[in-house]
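The lines below spell out each chain.
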Amino acid sequence: MTNTQQQDSVRISEAAYKNHEELFPNHKSTLKATDPEPIEVFDNFAFDEVIAESRVKGK
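The shown structure was predicted, so the numbers you read here are calculated from the model rather than taken from an experiment.

### Quick word on the overall build of the chain
The helix and strand tally for the chain stands at four helices and zero strands. Beginning at the N terminus, the succession of helices and strands in the chain can be written as α-α-α-α. In the chain, which comprises 59 residues, the proportion classed as buried is 19%. For the chain, long-range pairs separated by at least 24 residues make up 76% of all intrachain contacts whose partners lie at least 6 apart in sequence. Here the chain has roughly 4,900 Å² of accessible surface; of this, 55% comes from carbon and sulfur atoms.

### Some remarks on the pattern of salt bridges
In total, this model carries one salt bridge according to the counting rule given. Across the pair Glu53 and Lys57 runs a salt bridge, and its minimum N-O distance is 3.8 Å. Placement of the pair is Glu53 and Lys57 together in helix H4 (residues 36–58), with a separation of four residues, close to one helical turn. We classify Lys57 as exposed; its relative accessible area is 66%.

### Description of the packing of aromatic side chains
Per the counting criterion, the structure on display carries two aromatic pairs. An angle of 85° between the planes, with centres 6.0 Å apart, marks the rings of Phe24 and Phe47 as edge-to-face. Of this pair, Phe24 sits in the loop between helix H2 (14–23) and helix H3 (30–34) while Phe47 sits in helix H4, and the two are 23 residues apart along the sequence. The partly exposed category is assigned to Phe24, whose relative accessible area is 41%. Look at Phe47 and you get buried, because its relative accessible area is 10%.

Each value, and the rule that gives it
Residues numbered from 1 in each chain as written. Predicted model: local features only at pLDDT ≥ 70, side-chain atom pairs only at ≥ 80, totals over all residues. Heavy atoms only, no water. Helix = DSSP H or I, 4+ residues; strand = E, 2+ residues; numbered from the N terminus. Buried < 20%, exposed > 50% of the residue type's maximum accessible area, 1.4 Å probe, protein only. Contact = heavy atoms within 4.5 Å. Areas by Shrake-Rupley, 256 points an atom, 1.4 Å probe, with all protein chains shown as cover. Salt bridge = Lys/Arg side-chain N within 4 Å of Asp/Glu carboxyl O. Phe/Tyr/Trp six-rings, centres within 6.5 Å; stacked < 30°, edge-to-face > 60°.

Structural data, given as structure tokens:
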């Protein structure tokens, strides 16, 4: 797998990006520079899936 393929394999969802920015404005992960894929997986889980699920259960 090439670097381009690896970079295209996981993306941070729009909801995850928005929630991350709301909770941690202007935070720049130093780990994302060296290990972007695990950070993208974590961000999508923590800042999209978990928040969305908690909103569904909270209603």
